[in-house]
Number of protein chains: 2
Amino acid sequence: MVQRTVFFISDQTGVTAETFGQSLLTQFDGASFNRITIPFVSNRKKAEEAVRKINLTAEAEGQRPLVFSTLVHDELRDMLHEANGLYLDFFDAFLAPLERELGVKSSHTTGRAHGMSANVDAYNFRIEATNYALNNDDGAHIKDYGKADVILVGVSRSGKTPTCLYMAMQYGVFAANYPLTEEEFESGKLPSALDSHRKKLYGLTINSQRLQQIRKERLDGGRYATPQQVSFELREAEKLFKKYGVPTIDTTEMSVEEIASTILEHTGLERRFRP
Amino acid sequence: MVQRTVFFISDQTGVTAETFGQSLLTQFDGASFNRITIPFVSNRKKAEEAVRKINLTAEAEGQRPLVFSTLVHDELRDMLHEANGLYLDFFDAFLAPLERELGVKSSHTTGRAHGMSANVDAYNFRIEATNYALNNDDGAHIKDYGKADVILVGVSRSGKTPTCLYMAMQYGVFAANYPLTEEEFESGKLPSALDSHRKKLYGLTINSQRLQQIRKERLDGGRYATPQQVSFELREAEKLFKKYGVPTIDTTEMSVEEIASTILEHTGLERRFRP
């Protein structure tokens with residue numbers, strides 16, 4: 001079996017280096033990777049330290065590690081090139097063709113990708129959207145639906161809250177959510193507070209086995225996690241979605257990223273922020 | 001001035017393609033980019049549609065767009081290669097050297113990077129950590145500090161909540177937060193509930209102009225955003241951090257990503273999740 005230590009080297013947070021490396025590593029089924037992130041490699045001393053760690057690992061394991069780097073400065077990049085690893089550098093590979101295409105030199109500047117200075121306005125949108133998601137979680141402040149870009153509707157633990165938060169933090173989208181409970185199931189109606197916001201509604205569905213499993217992990221016992229209760233709630237929610245023509249997405253097999261980007265794609269919502 | 005339309009093409013959510021492209025684009029100061037994400041390009045029909053959009057843009061603008069792609073399937077990638085754009089493909093560039101190094105073929109499989117199926121346990125950690133951050137926001141449930149990996153302490157609007165949420169969603173870290181208010185400033189003490197968790201405390205500081213600006217954007221008028229009040233709170237918070245030996249980070253110029261990864265780096269906290 002393939003086993004290898006992997007370094008993510010960055011002069012900034014490491015988020016980009018990790019995303020970059022991670023998406024490639026997932027293409028190697030059955031391989032086992034030991035992942036180490038070294039962020040803030042922004043000077044010679046830190047670069048030397050990183051090289052030392054890579055070389056020690058190569059020696060200890062008898063094979064060279066993989067090194068995914070997003071170092072911007074040529075000098076530091078050259079130092080890492082000399083380490084005993086397979087050095088894959090993001091900027092090495094793509095900056096040159098981009099410079100040729102755009103006819104300008106890149107700034108070779110550290111720390112832009114996830115820095116705040118680049119876009120204070122966008123950053124404020126993100127914070128505003130996050131606060132909005134927190135304040136409009138689970139129907140707490142019904143009055144604020146007017147400001148929502150989208151309102152997620154679904155039974156408890158169908159994924160509403162993390163999806164709203166992710167949409168806020170990743171896209172700056174104002175996402176509220178409304179939980180379907182006994183009240184809606186008994187009346188067979190959505191609350192009147194949602195009447196004027198019907199076009200913003202998006203329903204989350206989930207398969208009953210998975211929902212039962214999630215609920216069991218949260219609370220021990222009780223009616224909340226019984227197969228009967230879970231199936232009942234999902235059936236009633238389904239009826240409401242049909243009755244009100246609410247588009248739905250099945251979250252059973254999806255990550256929060258997938259749910260959020262699918263909703264964005266389907267609704268055509270504009271993002272206000274790019275991390 | 002350089003102006004260009006940029007496409008992010010993905011057979012999945014587009015998160016990786018966007019991160020990939022974005023970190024390169026930020027290296028071109030002063031250039032202006034119109035960004036379009038096309039996610040879920042998972043079959044020939046959708047690839048044709050993407051090619052059409054790229055070609056129409058090239059024609060309309062008289063210059064070819066930049067195309068950042070993370071398409072995994074060779075067939076779809078070949079189709080996009082034919083579009084009238086500068087095609088920069090993540091997998092094109094890096095899969096071959098990785099395959100050579102590891103001595104195995106990659107699986108060329110769609111949708112691993114942000115898919116849930118790959119790691120259900122990690123996914124559950126993420127949800128648990130997110131719920132934890134929500135339930136332990138602003139000192140609401142003091143009893144749960146035992147479960148915290150880290151407890152962020154700071155005055156109102158210093159960045160505690162978004163940082164906790166980000167640490168949960170990006171790293172699966174259990175981050176609580178405790179707001180410093182009149183109570184602490186008057187007594188000059190941290191609450192006794194934090195006594196047994198001193199080693200987990202991490203202080204957020206921020207410069208007073210920036211804090212004033214943030215608070216002004218949130219609430220109109222009032223003592224809360226006056227220079228006097230803001231300076232007073234920050235000074236008192238600083239005293240508390242010194243008194244209790246709480247490490248601090250100045251969030252004034254930092255994005256949430258930067259704050260979170262710096263804290264992770266300084267504390268040596270292990271991440272439980274990699275997106």
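Residues numbered from 1 in each chain as written. Chains lettered and ligands numbered in written order. Predicted model: local features only at pLDDT ≥ 70, side-chain atom pairs only at ≥ 80, totals over all residues.

### Quick word on the overall build of chain A
Stage number 1. A count of helices and strands for chain A gives 10 helices and 8 strands.
Stage number 2. On C-alpha atoms alone, chain A measures out to a radius of gyration of 24 Å, which is more than a quarter above the 19 Å that the 2.2 N^0.38 rule sets for 275 residues.
Stage number 3. Split into buried and exposed, the 275 residues of chain A put 48% on the buried side.
Stage number 4. Put simply, 70% of the contacts in chain A that link residues at least 6 apart link residues at least 24 apart. (Helix = DSSP H or I, 4+ residues; strand = E, 2+ residues; numbered from the N terminus. Rg over C-alpha atoms; globule rule 2.2 N^0.38 Å. Buried ≥ 20, exposed ≤ 12 C-beta atoms within 10 Å, placed from the backbone. Contact = placed C-beta atoms within 7 Å.)

### Examining the sheet that holds strand β1 (residues 3-9) of chain A
Stage number 1. Here 4 strands make up an open sheet; going across it, the order is β2-β1-β3-β4 (chain A) and the pairing parallel. At either end of the open sheet lies a strand with only one pairing partner, and these are β2 (32-38) and β4 (86-89) of chain A. Taken over all neighbouring pairs, the strand axes of this sheet differ in orientation by 20 degrees on average, direction set aside.
Stage number 2. The strands that helix α4 (residues 90-102) of chain B touches are β1, β3 (66-69) and β4 of chain A; relative to β4(A), the one it contacts most, it runs at about 170 degrees. (Pairing = 2+ DSSP bridges. Axes fitted to C-alpha atoms, helices over the stretch in contact; angles between N-to-C directions.)

### Remarks on the relation of the copies chain A and chain B
Stage number 1. The operation relating chain A to chain B is a screw motion whose rotation component is 180 degrees, with 0.0 Å of axial translation and a residual RMSD of 0.1 Å. On this basis, the relationship between the two copies can be described by a two-fold rotation axis.
Stage number 2. Of the interface residues in chain A, 100% have counterparts in chain B that sit at the interface too, so the contact is made through matching surfaces. (Least-squares fit on C-alpha atoms with pLDDT ≥ 70 in both.)

### Remarks on the domain arrangement of chain A
Stage number 1. Domain boundaries in chain A define domain 1 (3-102) and domain 2 (117-267).
Stage number 2. Computed from C-alpha atoms alone, the centre-to-centre distance between domain 1 of chain A and domain 2 of chain A is 38 Å. (Domains from an automatic or database assignment.)

### Some remarks on the pairing of β4(A)
Stage number 1. Of the strand pairs in this sheet, β3(A) and β4(A) are connected by 4 bridges, and their pairing is parallel. By the bridge assignment, A:Ser69 is partnered in β4(A) with A:Asp89.

### What about the interface of chain A and chain B?
Stage number 1. If you look at the interface, chain A gives 63 residues, while chain B gives 63 residues.
Stage number 2. Of all elements in the fold, only α1 (15-25), β4, α4 (90-102), α5 (120-135), α6 (160-171) and α10 (256-267) of chain A reach the threshold of two or more residues within the side of chain A that touches chain B.
Stage number 3. The element that contributes the greatest number of residues to the side of chain A that touches chain B is α1(A), accounting for 8 residues.
Stage number 4. Split into classes, the residues belonging to the side of chain A that touches chain B amount to 30 nonpolar, 21 polar and 12 charged. (Nonpolar A, V, L, I, M, F, W, Y, C, P; charged D, E, K, R; others polar.)

### Considering the nonpolar core
Stage number 1. If you look at the biggest cluster of nonpolar residues, it comprises 88 residues, and the most contacted ones within it are A:Ile151, A:Ala168, A:Ala175, B:Ile151, B:Ala168 and B:Ala175.
Stage number 2. Beyond its immediate sequence surroundings of up to four residues, A:Ile151 is in contact with A:Tyr145, A:Ala176, A:Asn177, A:Tyr178, A:Leu194, A:His197, A:Lys200 and A:Leu201.
Stage number 3. Among the nonpolar cores identified, the runner-up in size contains 58 residues, and A:Leu24, A:Val51, A:Leu80 and B:Ala47 belong to it. (Core = buried A, V, L, I, M, F, W, Y, C linked by C-beta atoms within 7 Å.)

### Describing helix α2 (residues 44-61) of chain A
Residue and element names in this part refer to chain A.
Stage number 1. The end-to-end C-alpha separation of α2 is 26 Å, in line with the 26 Å expected for 18 residues at 1.5 Å each.
Stage number 2. Those residues of α2 that are buried lie in contact with β1, β2, β3 and α3 (74-81).
Stage number 3. Where α2 ends, the next residue or the one after it, Gly62, has phi of about 70 degrees, a positive value. (Expected span 1.5 Å × (residues − 1).)

### A word on the sheet that holds strand β3 (residues 66-69) of chain B
Residues and elements named next belong to chain B.
Stage number 1. One open sheet holds the 4 strands; their spatial order is β2-β1-β3-β4, and the pairing between them is parallel. Across the chains shown, the open sheet's two edge strands, defined by having one partner strand only, are β2 (32-38) and β4 (86-89). Strand-to-strand, the axes of this sheet are offset by a mean angle of 20 degrees, without reference to chain direction.

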